[in-house]
Amino acid sequence: MTRTEPFEHHPDRYDQWFDRHSAVFAAEVRALRALLPRADRCLEVGVGTGRFAQALGVREGVDPAPEMRRRARQRGVRVRDGTAEALPYDDEQFDVALLVGMVDRESPLGKEYEDKKEGHSFYHVAHFHTATEVVRRMRAVGFDDFAFRQTLFHPLDDVEEEEPVKAGHGEGAFIAIRGDKRQVGARGGAGEARRAHAEGRDSG
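Residues numbered from 1 in each chain as written. Predicted model: local features only at pLDDT ≥ 70, side-chain atom pairs only at ≥ 80, totals over all residues. Heavy atoms only, no water.

(A) Quick look at the packing of aromatic side chains. What the rule picks out here adds up to six aromatic pairs. Ring geometry for Tyr14 against Phe18: centres 5.4 Å apart, planes inclined by 65°, an arrangement best described as edge-to-face. Of this pair, Tyr14 and Phe18 both sit in helix H2 (residues 11–20), four residues apart, which is roughly one turn of the helix. Taken individually, Tyr14 and Phe18 each receive the classification buried, so the pair is uniform in this respect. Measuring from centroid to centroid gives 5.2 Å for Trp17 and Phe18, while their planes differ by 80°, and the two rings are edge-to-face. The class for Trp17 is buried, based on a relative accessible area of 4%. For Phe18, a relative accessible area of 2% translates into the label buried. Three or more aromatic residues joined by ring pairs make a cluster, and in this case those are Tyr14, Trp17, Phe18, Phe25 and Phe52. Directly above the ring of Phe94 sits Arg41, whose terminal nitrogen or CZ lies 4.4 Å from the centroid. Seen from the ring of Phe153, Lys166 lies directly overhead, with NZ or CZ sitting 4.8 Å from the centre. (Phe/Tyr/Trp six-rings, centres within 6.5 Å; stacked < 30°, edge-to-face > 60°. Helix = DSSP H or I, 4+ residues; strand = E, 2+ residues; numbered from the N terminus. Buried < 20%, exposed > 50% of the residue type's maximum accessible area, 1.4 Å probe, protein only. Lys NZ or Arg CZ within 6 Å of the ring centre and 35° of its normal.)

This is the structure:
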């Protein structure tokens, strides 16, 4: 099974999770919005069904799963087939890149997801990382000046509309990470994409 197949086979389940956990989704959006700079062009990498792009005003995205792209278009996102490793754009096209898919492995929620990966529709193809690991990888490709926001400090079923968003990481299950990069030279990359955000979220 390829890593996109769960999203092709279970798109309704993916979207319905966010419908059932609307307070969780709202908290995640607030954490991301706190770090998202104003930019003329922002690209979401791994745009999925376009929920976060729509909520954050991000108008363009890439995703390797055709059904996800179709649903993102229905939400008004201009979306192309692509991945972070091979973006289908020339250099110097975007000011900001929004990356998605991280749940902090060391959080109670991350540990829960790790424990139930076997046989799970989505998690069995997921690789969970810590904030420290993500920052180390971002540094390796030239990012610096990091900022963090975290949320989801309670079990998901106990999250209410006013779930707090705090600076830092290490407490909340959902982490937004911002890093600055002055120049991106990789072919097919986002060119002068000065900011990147790593978004931790759940898709159960």
